[in-house]
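The chain contents come next:
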Amino acid sequence: MSPVLIHSMLLVMAASVVGSFGAVFLKMGAARLNKSLLSFLNRQLVLGVVLFLGSSVFYGLGIKNGDLSVLYPMVSLGYVWTLIWARIFFKERFTREKVVGLALVLVGVFFVGMGSS
Amino acid sequence: MSSTAASPVTQTTTLSGQRRALGLVFSCTVLGAAAQLLIKVGMTRFSMDHPFGALTNLPLIAGYFLYGINTLLLVLALREAELSMLYPIIALTYVWVTLLSYGLLHERPNLYKNIGIATIVIGVAIIGRGGRK
């Protein structure tokens, strides 16, 4: 593996982790919404949006000069992290549908990446 | 002025709430795909030599605006359903981007991409079905 590819992979990996935490904070923030529009400015939602933006910066830098067939599936690792965080932080269960569905999604993203390189 | 010091709302897991959440995330993926294509088109006209050109770059502005709406819809969906169910559904964005690239950007269809988007659709269908139970 070339150093450029490893560099890209690390950036995309960082994007997937940061993005998955973004999703966790959006979920926390969503629970704090009420009828007031100002409730959209709660700390968790703002942090979630900031993490999403941060994630897209890492992602943009990562896919700039790397092989998409390797990098696309790595982006979708974010879904796996999110499943784990959802279980830890929100006590959501791993159901068979979620696990099988996610596995198919990962395989699908892998193929889209293969076709994009 | 109403207070912003809200007590956390308890998660509603009603069937209609779940359906609404699935619908919202579905719309999210369509908007997300449109946003990606607009940004892609906008970026081809963007150069770091003229960064303020972004201010009059309509596709770029529209793309980021759609991303904003997209995040808003995701948040509204997250109020009503589980994160672990909704988040992987966002992968449908790949499906719309691929189809729109074929249709609008005249990219040549390719077998790997077609297998990929079909597999994603099946995976998302399974996740969505689990959410309706």
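Not measured: the values here are computed from a predicted model.

1. Some details on the interface of chain A and chain B
Interface size is often expressed as the accessible area that is lost when the parts come together. Counting residues at the interface gives 42 residues for chain A, matched by 42 residues for chain B. On the chain A side of the interface with chain B, the three residues burying the most area are Lys27, Tyr79 and Glu97 of chain A, jointly 18% of the side's total. Counting the contacts that link chain A with chain B gives one salt bridge. For glutamate 82 of chain B, the salt bridge goes to lysine 98 of chain A, with nearest N and O atoms at 2.5 Å. Our count for the chain A to chain B interface comes out at eight residue pairs in polar contact (both at pLDDT 80 or more). For the side of chain A that touches chain B, the elements supplying multiple residues, two or more each, are helix 1 (3–30), helix 2 (43–64), helix 3 (68–75), helix 4 (77–90) and helix 5 (96–116) of chain A.

2. Topic: helix 2 (residues 58–78) of chain B
Three- or four-residue spacings in an α-helix give side chains the same orientation, since the helix completes a turn every 3.6 residues. Taking 1.5 Å per residue, 21 residues should reach 30 Å; helix 2 of chain B reaches 30 Å between its end C-alpha atoms and fits that length. Along helix 2 of chain B, the residues that are buried comprise Pro59, Leu60, Gly63, Leu66, Asn70, Thr71, Leu73, Leu74, Val75, Ala77 and Leu78 of chain B. Turning to helix 2 of chain B, the residues buried within the fold contact helix 1 and helix 2 of chain A together with helix 1 (15–44) and helix 3 (83–86) of chain B.

3. Things to note about the packing of aromatic side chains
All chains considered together, the criterion is met by seven aromatic pairs over all chains. Where phenylalanine 21 of chain A meets tryptophan 85 of chain A, the ring centres are 4.8 Å apart and the plane angle is 25°; that geometry is what we call stacked. On the criterion of sequence distance, the pair formed by phenylalanine 21 of chain A in helix 1 and tryptophan 85 of chain A in helix 4 is long-range, its members being 64 residues apart. For phenylalanine 21 of chain A, a relative accessible area of 27% corresponds to the partly exposed category. Geometrically, the ring pair formed by phenylalanine 26 of chain B and tryptophan 96 of chain B is edge-to-face, given 5.7 Å between the ring centres and 75° between the ring planes. Here phenylalanine 26 of chain B, found in helix 1, pairs with tryptophan 96 of chain B, found in helix 4 (residues 92–103); they are 70 residues apart in sequence, far enough to count as distant. Assessed through its relative accessible area of 41%, phenylalanine 26 of chain B is described here as partly exposed. Ring pairs connect the aromatic residues Phe21, Trp85 and Phe89 of chain A, which therefore count as one cluster. The ring of phenylalanine 94 of chain A is capped by arginine 87 of chain A, whose NZ or CZ atom sits 4.6 Å from the centre of that ring.

4. Considerations on the side chain of asparagine 70 of chain B
Within the fold, asparagine 70 of chain B resides in helix 2. Setting aside chain neighbours within four positions, we find asparagine 70 of chain B in contact with Cys28, Leu31 and Gly32 of chain B.

5. Some points on the environment of proline 73 of chain A
Residues and elements named next belong to chain A. Inspection of the secondary structure puts proline 73 in helix 3. Separated by 64 residues in the primary sequence, proline 73 and methionine 9 place their C-alpha atoms 11 Å from one another. The contact partners of proline 73, leaving out residues within four places of it in the chain, are Leu68, Val109 and Phe110.

6. Focus on unusual backbone geometry
A positive phi angle is found at lysine 91 of chain A, which is not glycine, with a value near 55°. With respect to the helices, strands and loops of the structure, lysine 91 of chain A is situated in the loop between helix 4 and helix 5. Relative accessible area serves as the criterion here: at 68%, lysine 91 of chain A is assigned to the exposed category. Of note, histidine 106 of chain B is a non-glycine position whose phi angle comes to about 55°, a positive value. One can find histidine 106 of chain B in the loop between helix 4 and helix 5 (111–132). According to the relative accessible area criterion, histidine 106 of chain B is exposed, its value standing at 66%.

7. Let's talk about the nonpolar core
Leu86, Tyr94 and Ile120 of chain B are the most contacted members of the largest nonpolar core, which has 40 residues in total. Apart from residues lying up to four places away in sequence, isoleucine 120 of chain B is in contact with Leu104, Val105, Gly108, Val109 and Val112 of chain A together with Ala91, Leu92, Tyr94 and Val95 of chain B. Ranked by size, the runner-up nonpolar core spans five residues in total, among them Leu5, Met9, Val12 and Met74 of chain A.

Conventions and cut-offs
Residues numbered from 1 in each chain as written. Chains lettered and ligands numbered in written order. Predicted model: local features only at pLDDT ≥ 70, side-chain atom pairs only at ≥ 80, totals over all residues. Heavy atoms only, no water. Contact = heavy atoms within 4.5 Å. Buried area = accessible area lost by both parts, 1.4 Å probe. Salt bridge = Lys/Arg side-chain N within 4 Å of Asp/Glu carboxyl O. Polar contact = N/O pair within 3.5 Å; in protein donor to acceptor, adjacent residues only side chain to side chain. Helix = DSSP H or I, 4+ residues; strand = E, 2+ residues; numbered from the N terminus. Expected span 1.5 Å × (residues − 1). Buried < 20%, exposed > 50% of the residue type's maximum accessible area, 1.4 Å probe, protein only. Phe/Tyr/Trp six-rings, centres within 6.5 Å; stacked < 30°, edge-to-face > 60°. Lys NZ or Arg CZ within 6 Å of the ring centre and 35° of its normal. Core = buried A, V, L, I, M, F, W, Y, C linked by side-chain atoms within 4.5 Å.

Such coordinate-based values are descriptive only and should not be taken to indicate function.
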